[in-house]
Amino acid sequence: MALAKCIGCGGLFPDIEGPTHRYMESSAGCWAAYGEVLAREYSNAAYAVTHRLSVDTYAVQHPGHPSPQSIQSVARHLIRLCLLLEHKLEEHRANDAMLAATKSKFVWLTPPSRRGMISVAEVHRAANADEHIALVREWAQSAWAAWKPHHAQIQAWLPTEFVRQ
Ligand SMILES: [Zn+2]
């Protein structure tokens, strides 16, 4: 099947027709691959370990265009990525911290033109749960690194009661 480049993550996916998310703009092939990755995580506990990293990474690789929803979404997912990767918070605590961040401060961050060396295409090809978890971690690191120009802003949004300064 012919491959097409996703407008969000830049990954190569089957060039299919199909649904995409309302504001996390992607190709239909990318959205379908992500759906299958999520299905594995929801149906198999061994794949679910890194579920929040998958959700955050997909969101920040597909920021879309500025809108009230996309501004909130990109900011929240970058905040949780930062807490998981830089501050090593446990998933539930990172989630509480993300929800405690002050939304009113969020502004649109101009997305980097390249959003990581890995896309959900690589994660989708994982042969087993161990490979899946390792790939999700690499995928997340790679997307987080791509947002480096905004790291200082994201750190400034973290609710201070959750992180040691
Ligand atoms: Zn994509």
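Everything numeric here is computed off the predicted structure, so don't read it as measured data.

A. Representation of the packing of helix α4 (residues 68–85) against helix α7 (residues 129–146) in the model. For the pair α4 and α7, the least separation of the axes is 11 Å and the interaxial angle reads 115°. Like other packed secondary-structure pairs, α4 and α7 cross with a definite hand, here left-handed. Of the residues in α7, those in contact with Leu78, Leu81, Cys82 and Leu85 of α4 are Ala140, Gln141 and Trp144. Of the residues assigned to the contact of α4 with α7, the class counts are six nonpolar, one polar and no charged.

B. Seen up close, the nonpolar core. Judged by nonpolar contacts, the single largest core of 48 residues is most densely connected at Phe13, Leu78, Ile79, Leu83 and Val120. Of all the secondary-structure elements, those providing two or more residues to this core are α1 (28–43), α3 (51–61), α4, α5 (91–100), α6 (120–124), α7 and α8 (151–157). For this core, the element with the most residues is α4, which contributes 10 residues. When neighbours within four sequence positions are excluded, Val120 is seen to be in contact with Phe13, Cys30, Ala33, Tyr34, Val37, Tyr58 and Trp139.

C. How the structure looks around the coordination of the zinc ion. Within the protein, Cys6 (SG), Cys9 (SG), Cys30 (SG) and His62 (NE2) serve as the donor atoms for the zinc ion, at 2.1 to 2.3 Å. Viewed at the metal, the four donor atoms of the zinc ion are separated by angles of 100 to 115°, and the geometry they form is tetrahedral. Each donor residue of the zinc ion lies on one chain, and together they are spaced C-x2-C-x20-C-x31-H.

D. Focus on the packing of α1 against α3. Axis separation between α1 and α3 bottoms out at 10 Å; the angle between their running directions is 165°. Regarding the angle of α1 to α3, the classification is roughly antiparallel. By crossing handedness, the relation of α1 to α3 is classed as left-handed. Packed against α1, whose contacting residues are Cys30, Trp31, Tyr34, Leu38, Glu41 and Tyr42, the element α3 presents His51, Ser54, Val55 and Tyr58 at the interface. Here the contact of α1 with α3 is built from residues that sort into seven nonpolar, two polar and one charged.

E. Geometry of unusual backbone geometry. Phi at Lys88 is positive, roughly 55°, even though this residue is not glycine. Assignment of secondary structure puts Lys88 in the loop between α4 and α5. The class for Lys88 is exposed, based on a relative accessible area of 62%.

F. Looking closely at the environment of Glu91. With respect to the secondary-structure elements, Glu91 resides in helix α5. Each C-alpha atom of the pair Glu91 and Tyr34 lies 20 Å from the other, and the pair is 57 residues apart in sequence. Each residue touching Glu91, except ones within four places of it in the same chain, is listed here: Val49, Thr50, His51, Arg52, Leu53 and Leu84.

G. Structural context of the packing of aromatic side chains. For the coordinates displayed, the defined rule picks out four aromatic pairs. With centroids separated by 5.6 Å and ring planes inclined at 50°, the aromatic side chains of Trp31 and Tyr34 adopt a geometry described as tilted. Of this pair, Trp31 and Tyr34 both sit in helix α1, three residues apart, which is roughly one turn of the helix. You can call Trp31 partly exposed: its relative accessible area is 22%. We classify Tyr34 as buried; its relative accessible area is 4%. Seen from their ring centres, Tyr34 and Tyr58 are 3.8 Å apart, and the 5° between their planes marks the pair as stacked. Here the residue Tyr34 occupies a position in helix α1, and Tyr58 occupies one in helix α3, the gap between them amounting to 24 residues.

What counts and what doesn't
- Residues numbered from 1 in each chain as written.
- Predicted model: local features only at pLDDT ≥ 70, side-chain atom pairs only at ≥ 80, totals over all residues.
- Heavy atoms only, no water.
- Axes fitted to C-alpha atoms, helices over the stretch in contact; angles between N-to-C directions.
- Helix = DSSP H or I, 4+ residues; strand = E, 2+ residues; numbered from the N terminus.
- Left-handed = near helix turned anticlockwise from the far one by under 90°.
- Contact = heavy atoms within 4.5 Å.
- Nonpolar A, V, L, I, M, F, W, Y, C, P; charged D, E, K, R; others polar.
- Core = buried A, V, L, I, M, F, W, Y, C linked by side-chain atoms within 4.5 Å.
- Buried < 20%, exposed > 50% of the residue type's maximum accessible area, 1.4 Å probe, protein only.
- Donors = N, O, S within 2.8 Å, 3.2 Å for Na, K, Ca; no water.
- Tetrahedral: all angles 85-135°; square planar, octahedral: opposite > 155°, others 65-115°.
- Parallel < 35°, antiparallel > 145°, perpendicular 65-115°, else oblique.
- Phe/Tyr/Trp six-rings, centres within 6.5 Å; stacked < 30°, edge-to-face > 60°.

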